[in-house]
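Here's the letter readout for the chains.
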Amino acid sequence: MSLKEFEYSPFLNSAESGGKKNDFYDKNLALFEEELDIRPKVSSLLSRLVSYTNITQGAKEHEEEEISQRGNAAKSPSMGTLMGVYLPCLQNIFGVIMFLRLTWIVGMAGIMQAFLIVLMCCTCTMLTAISMSAIATNGVVPAGGSYFMISRSLGPEFGGAVGLCFYLGNTFAAAMYILGAIEIFLKYIVPQAAIFHAVDHHGTDSAMLNNMRVYGSICLILMVVVVFVGVKYVNKLASLFLTCVIISIVSIYAGAMKSISHPPEFPICMLGNRTLVNSKFDVCAKTVMQGNMTVPSQLWENFCTPGNLSSSQCDEYFLLNNVTKIQAIPGMSSGIIRENMWSNYRYKGQLLEKPAVQSVDAHGSLEKLSLYLTADITTSFTLLLGIFFPSATGIMAGSNRSGDLKDAQKSIPVGTILAIATTSFVCILSSVIITAILSCIEGVVLRDKFGDAVHNNLVVGTLAWPSPWVIVIGSFFSTIGAGLQTVTGAPRLLQAIAKDNIIPFLRVFGHGKKNGEPTWALLLTGLIAELGILIASLDMVAPILSMFFLMCYLFVNLACAVQTLLRTPNWRPRFKYYHWTLSFLGMSICLALMFISTWYYAIVAIGIAGMIYKYIEYQGAEKEWGDGIRGLSLSAARYALLRLEAGPPHTKNWRPQLLVLLKLDEDLHVKYPRMLTFASQLKAGKGLTIVGTVIQGNFLDSFGELQAAEQAVKNMMEIERVKGFCQVVVANKVRDGIVHLIQSCGLGGMKHNTVVMGWPYGWRQSEDPRAWKTFINNVRCVTAAHLALMVPKNVSFYSSNHERFTDGHIDVWWIVHDGGMLMLKCRMRIFTVAQMDDNSIQMKKDLATFLYQLRIEAEVEVVEMHDSDISAYTYERTLMMEQRSQMLRQMRLSTAERQREVCSAQLVKDRHSLVRMGSLYSDEEEEVPETPPAKVQMTWSKERLEAERRNNKNAPENFREDQTNVRRMHTAVKLNEVIVNRSHDARLVLLNMPGPPRNSDGDENYMEFLEVLTEGLERVLLVRGGGQEVITIYS
């Protein structure tokens, strides 16, 4: 059974256990017998956990494959610490850079800076190995090695980005090892095998690069074929190649010890203080003796025109300086260590000179430049650091074989740290003790990259005992072996990434042969490695792969630090010798080395990783691996919420935090999706959005329905691009559920401050008052909670996310001040209403000034409402409203009759509504008993009282006593006339929503007032403020 099965279903399957129910209904567990079908005994759980096996690398290695093919028995891994981790790490670290470039780095950088380079690289890898050991021992590490550790610690986005960078690093490492092997083959083993030859000294480099490309491509094809045929052949050859490495290292140390007393004979020919290329002549002298005659030597003929000694024209520098011989390894007593202590960096084409030798300064011919040793590239500390770092990048060789290890949690830390300790000791000893103190190799020889001054011998080979060929052959097989190991491991890493299915276009590389060998991934690896081979320069390829490896090491350290600081319950590594400060130090060193070595490569590598990260994030890699980034987000959220709890947000930080109340239909689908569309357009990605709905019923019986409703709402939120949270509540009464949502949604300082609620369409047809009483009760609750309220009416006519209005206005009718304005970013017109005793001109000027201070661009208009007689239409509407209310109060229907009345009323079309829609919440509790009407007291001026008396002369008999409803209807009718007249072409009308009456007796009249106020308007947004300022003029 896989770990993933336990994550989702950690109990025994009830279907499987049905036949064995009597077996585990133990008498000692009778108290728990009703739960044993879903909660197993501890013994059953442990037996399944122990049966989890780590699949070998190259086989079916992911959870999905384990579930689909549980019946197939997998071959158990059998590699131990020595063969599985220590020796592969040793072979990768003791690779091409140590044999081909270490002496050159010491010669250019000097002993002190070379020691610093080696120390920085070894410190970086050691700290990374400590972090990697902690992660590797914190649970089972299947195939995928470092990628698996990073992705499960930092999440799929970081894991995929860093995993691909690590894969590219391994692929370019294969190219580097192949180029190193071909350089040894063409320079030191069979120089005659070169296909391209230089016509003059200017074409030497290009000819060599072309040879490297041809032979490198051939070598790569052979390696790919070997790996494709079978990894077992690579594993069999690994021991042979590693033996060559060990013999080479022992040979170097033996030769170094011997050179203390008997330095080897490797003479160097010098012309003045310039070093000559040994292959261009046979004798290090200007003249030679043939019998009794002195004749020009081959060296003379290179610098002079043909002729005898007296008549030939010679190079000026050649004539003025003597030819001398010096020993390449003069020994400790020579005092050469002082020259090698400090750096001696060179520009490309600059001559390699020995400062201690006297010479006459003269300008020689440029045509003779090929006879001297020159620097082939411009060197600096940063360049040498980038070139040397790949020699320390073999530490992941063991973790990449995690699928083949018998006990990865034990083998990875022990083997990796021992390998780093061994190689660090050897590198530091080689760079400081051997090349500088014991042997004291001549500085110009150390700076001779290809050994041209010592008869085309490998420079490190001059130290070897008994012969330089031991180093040449050993280093050749070492680089070939490291290349094979990398070509074998890189496709498996890509296969592990592809099988996680976090990068869709890589899925094809997760497939392979029947035994699981990654055929397609191997093909892609070969193609990418060919790009590195076409570069053809070892010194240019090395910094590229340094960037990818450094980025991988950086995130390994980051993963360990994050997990340690978060102190998650699952973070319990068996490896105890780690600390978060060490991880942060390692991470800082990695980042510093990236920019110190090659800053432009670092930017490119970070850019590649960033694009991969954003791609995975955009594609929505929904993988829950319990990674540290989720834990970090949780900790950050907790910290931020505690900070917000300190007090209410300042006006400057106010944002619309929306609670959107939705209704679901019988199939649990969102009835009005445009509510979510409106919320997404209103919020514009800022602030908090909580989408809430209520399911009527009992929680114990409706839990499945709750989950289905929650998923339906989330799907609709994704379609409408609403980023927020979903809250579904099960309550016996819908009204209670809504009140609970209004009270309890949100957490701490992240609570809603605005409620968006739908309009109760069709309330007039229904004689059951629950349809609109629920709406008014919600308005009262929102007001009591001091929250803002928005009621979009005719929401089906609102614009969708796919259509945009390029013309028109949004009209804001600002009638009363109830806590500031919520402005939308579009062309707006703001209307305000002036009475007869108001100065409309001054009001317009004041409002324009106020908007200017708020930095809001809008047109300002002041609408004057003159006192006028109450029209007959107003009396008629008021009479109809009160007669209907009185009729409903007199009706005494039974419960069954009331339900039938509701059903029939819903079939009647509302002649005043623009669209037919169901009630927002019609399935409510019984109606609250009516309360007697409260007497409304008003204070009027004497003039206003006289005007009302004149108006009432034409009033019907019914309205002579109480004019409250008449006055309210008059206001609604007059405002509606003005609004329709001025805003009939507006895309949206924002209007102050009047508050509900203090007692419930006038609730139905209140609904009628709102209908009259908004009649004839296509899209209306009723807004009611929360009573506090949400906007300020101050910066």
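Looking up the protein in an unreviewed UniProt entry gives the name Solute carrier family 12 member 4, with the organism given as Neogobius melanostomus. Entered under Sequence similarities (unreviewed entry) in the UniProt record, the comment concerning the protein runs "Belongs to the SLC12A transporter family. K/Cl co-transporter subfamily." According to the UniProt record, the Subcellular location (unreviewed entry) comment for the protein is "Cell membrane".

What about the overall build of the protein?
When helices and strands are tallied, the protein shows 33 helices and 15 strands. Within the protein, the fraction of its 1035 residues that count as buried is 52%. Taking the contacts inside the protein whose residues are at least 6 apart along the sequence as the reference set, 81% of them involve residues at least 24 apart.

Focus: the state of the cysteines
Using the criterion set out here, one finds 2 disulfides in the structure. Here cysteine 269 is linked by a disulfide to cysteine 284, with a sulfur-sulfur distance of 2.0 Å. Its torsion about the S-S bond being 85°, the disulfide of cysteine 269 and cysteine 284 is classed as right-handed. In this pair, cysteine 269 is assigned in strand β1 (residues 267–271) and cysteine 284 in the loop between β2 (274–275) and β3 (287–290), connecting sequence segments 15 residues apart. No difference in accessibility class separates cysteine 269 from cysteine 284, as the two residues are buried. Listing the disulfide partners of the protein by sequence rank of the bonded cysteines yields 1-2, 3-4. As a non-bridged cysteine, cysteine 745 has cysteine 726 as the owner of its nearest cysteine sulfur, 9.6 Å distant.

Re the nonpolar core
Ranked by internal contacts, the top residues of the largest apolar core, which has 162 residues, are Ile117, Met176, Ile268 and Tyr553. Beyond its immediate stretch of four places on either side in the chain, isoleucine 268 contacts Thr275, Thr324, Lys325, Ile326, Gln327, Ala328, Glu442, Val444, Val445, Ala453 and Val454. If you look at the next biggest cluster of nonpolar residues, it comprises 77 residues, including Phe678, Ile742, Trp772 and Leu1013.

A look at a nonpolar patch on the surface
Residues Leu591, Phe595, Trp599, Tyr600, Ile603 and Ile606 make up a contiguous nonpolar surface patch of about 600 Å² in total accessible area. Contributing elements (two or more residues each) for the nonpolar patch: α21 (580–597) and α22 (599–619). Counting residues per element, the nonpolar patch draws most heavily on α22, which supplies 4 residues. Along the chain, the position of isoleucine 606 falls in helix α22.

A closer look at the pairing of strand β10 (residues 788–793)
By the criterion of burial, β10 is predominantly enclosed, with 6 of the 6 residues buried. In β10, alternate side chains face the same way, and those of Ala788, Met790 and Pro792 on one face and Leu789, Val791 and Lys793 on the other are all buried. Of the strand pairs in this sheet, strand β9 (residues 754–756) and β10 are connected by 3 bridges, and their pairing is parallel. When the bridges of β10 are listed, valine 755 appears paired with leucine 789. Two strands pair when backbone bridges link them, and β10 and strand β15 (residues 1020–1024) are joined in this way by 5 bridges, in the antiparallel orientation.

Quick look at the sheet that holds β2
Spatial ordering of the open sheet is given by β2-β1-β5, a layout of 3 strands whose pairing is antiparallel. Across the chains shown, the open sheet's two edge strands, defined by having one partner strand only, are β2 and β5 (323–327). Bridge count between β1 and β5: 5 bridges; the pairing is antiparallel. Looking at β5, one finds that methionine 270 is bridged to threonine 324.

Section: the environment of alanine 136
Topologically, alanine 136 is positioned in helix α7 (residues 102–136). C-alpha of alanine 136 to C-alpha of proline 413: the two residues are 277 residues apart in sequence and 7.6 Å apart in space.

Looking at unusual backbone geometry
The omega torsion across tryptophan 465 and proline 466 is 10°, close enough to zero to call that bond cis. A positive phi angle is found at histidine 786, which is not glycine, with a value near 55°. A residue is classified by how much of its surface remains accessible, and histidine 786, at 58% relative accessible area, is exposed.

Regarding the environment of cysteine 219
As for its position among the elements, cysteine 219 is in helix α10 (residues 204–229). Note on cysteine 219: relative accessible area 13%, which makes it buried. A C-alpha to C-alpha distance of 9.8 Å links cysteine 219 and glycine 483, two positions 264 residues apart in sequence. Residue contacts for cysteine 219: discarding those within four places in its chain leaves Ile178, Ile182 and Ile480.

What about helix α18 (residues 468–499)?
The terminal C-alpha atoms of α18, which comprises 32 residues, lie 47 Å apart, in line with the 46 Å expected from a rise of 1.5 Å per residue. Across the 32 residues that make up α18, a large majority, 27, are buried. Asparagine 501 sits one or two positions beyond α18 and adopts a positive phi of about 60°.

Quick word on the packing of α7 against helix α20 (residues 538–566)
Orientation of α7 relative to α20, taken along the N-to-C sense of each, is 50°, at an axis distance of 9 Å. With respect to their mutual orientation, α7 and α20 come out oblique. Between α7 and α20 lies a crossing whose hand is left-handed. From α7, Cys124, Thr125, Leu127, Thr128, Ser131, Met132, Ala134 and Ile135 reach across to α20, where they touch Leu550, Tyr553, Val556, Asn557, Ala559 and Cys560. A breakdown of the residues in the contact of α7 with α20 according to their chemical character gives 10 nonpolar, 4 polar and no charged.

Quick look at the confidence of the model for the protein
Predicted coordinates in regions of low pLDDT should not be interpreted in detail. Averaged over all residues, the pLDDT of the protein equals 75, while 71% of them reach at least 70. In this model residues 819–825 is a low-confidence stretch, pLDDT under 50, and it forms 21 contacts with partners more than four residues away in sequence or in other chains.

Things to note about the pattern of salt bridges
Under the counting rule described, the total for this entry stands at 10 salt bridges. Lysine 449 is paired through a salt bridge with aspartate 539; the nearest N and O atoms lie 2.4 Å apart. Of this pair, lysine 449 sits in the loop between α17 (443–446) and α18 while aspartate 539 sits in helix α20, and the two are 90 residues apart along the sequence. Side by side, lysine 449 and aspartate 539 carry an identical accessibility label, which is buried. In this structure, glutamate 1011 and lysine 793 form a salt bridge, with 2.9 Å as the shortest nitrogen-oxygen distance. Of this pair, glutamate 1011 sits in helix α33 (residues 1003–1013) while lysine 793 sits in strand β10, placing them 218 residues apart in sequence. Taken as a pair, glutamate 1011 and lysine 793 share a single burial class, namely buried.

Some remarks on the packing of aromatic side chains
Geometry of an aromatic ring pair is reported as the spacing of the ring centres plus the angle between the planes. Summed over all chains, the structure comprises 23 aromatic pairs. A centroid spacing of 5.6 Å and a plane angle of 80° characterise the contact between phenylalanine 166 and phenylalanine 549, whose relative ring orientation is edge-to-face. Of this pair, phenylalanine 166 sits in helix α9 (residues 156–189) while phenylalanine 549 sits in helix α20; the two residues are 383 residues apart in sequence, bridging distant segments of the chain. Among the residues examined, phenylalanine 166 registers a relative accessible area of 1% and is labelled buried.

Re the side chain of threonine 479
For threonine 479, the position within the fold is in helix α18. Look past the residues within four positions of threonine 479 in its chain and what remains in contact with it is Gly95, Val96, Tyr177, Ala181 and Ile184.

Re the pairing of strand β4 (residues 293–296)
Side-chain direction in a regular strand flips from residue to residue, so the side chains alternate between the two faces of the sheet. Relative to β4, β3 runs antiparallel, the two sharing 4 bridges. Bridge pairing in β4 links methionine 289 to threonine 294. Taken together, β3 and the strand that follows it, β4, pair antiparallel across an intervening segment of 2 residues, in which glycine 291 is found at a positive phi of about 70°.

Quick word on helix α11 (residues 231–261)
For α11, built from 31 residues, the straight-helix expectation of 45 Å at 1.5 Å per residue is met to within 8% by its first-to-last C-alpha distance of 47 Å. Alanine 238 marks where α11 bends most, by close to 30°.

Quick look at the side chain of arginine 274
Mapped onto the elements, arginine 274 comes out in strand β2. Other than its neighbours up to four places away in sequence, arginine 274 contacts Cys269, Tyr317, Leu351, Leu352, Glu353, Ala362 and Tyr372.

Rules and cut-offs
- Residues numbered from 1 in each chain as written.
- Predicted model: local features only at pLDDT ≥ 70, side-chain atom pairs only at ≥ 80, totals over all residues.
- Heavy atoms only, no water.
- UniProt positions renumbered as here; feature names shortened; annotations may be inferred.
- Helix = DSSP H or I, 4+ residues; strand = E, 2+ residues; numbered from the N terminus.
- Buried < 20%, exposed > 50% of the residue type's maximum accessible area, 1.4 Å probe, protein only.
- Contact = heavy atoms within 4.5 Å.
- Disulfide = S-S within 2.5 Å.
- Core = buried A, V, L, I, M, F, W, Y, C linked by side-chain atoms within 4.5 Å.
- Patch = residues over 30% accessible without salt bridge, like charges linked within 9 Å, V, L, I, M, F, W, Y side chains within 5 Å.
- Areas by Shrake-Rupley, 256 points an atom, 1.4 Å probe, with all protein chains shown as cover.
- Salt bridge = Lys/Arg side-chain N within 4 Å of Asp/Glu carboxyl O.
- Pairing = 2+ DSSP bridges.
- Expected span 1.5 Å × (residues − 1).
- Axes fitted to C-alpha atoms, helices over the stretch in contact; angles between N-to-C directions.
- Parallel < 35°, antiparallel > 145°, perpendicular 65-115°, else oblique.
- Left-handed = near helix turned anticlockwise from the far one by under 90°.
- Nonpolar A, V, L, I, M, F, W, Y, C, P; charged D, E, K, R; others polar.
- pLDDT = per-residue confidence, 0-100.
- Phe/Tyr/Trp six-rings, centres within 6.5 Å; stacked < 30°, edge-to-face > 60°.
- Bend = angle between axes of the 7 residues up to and from the residue.

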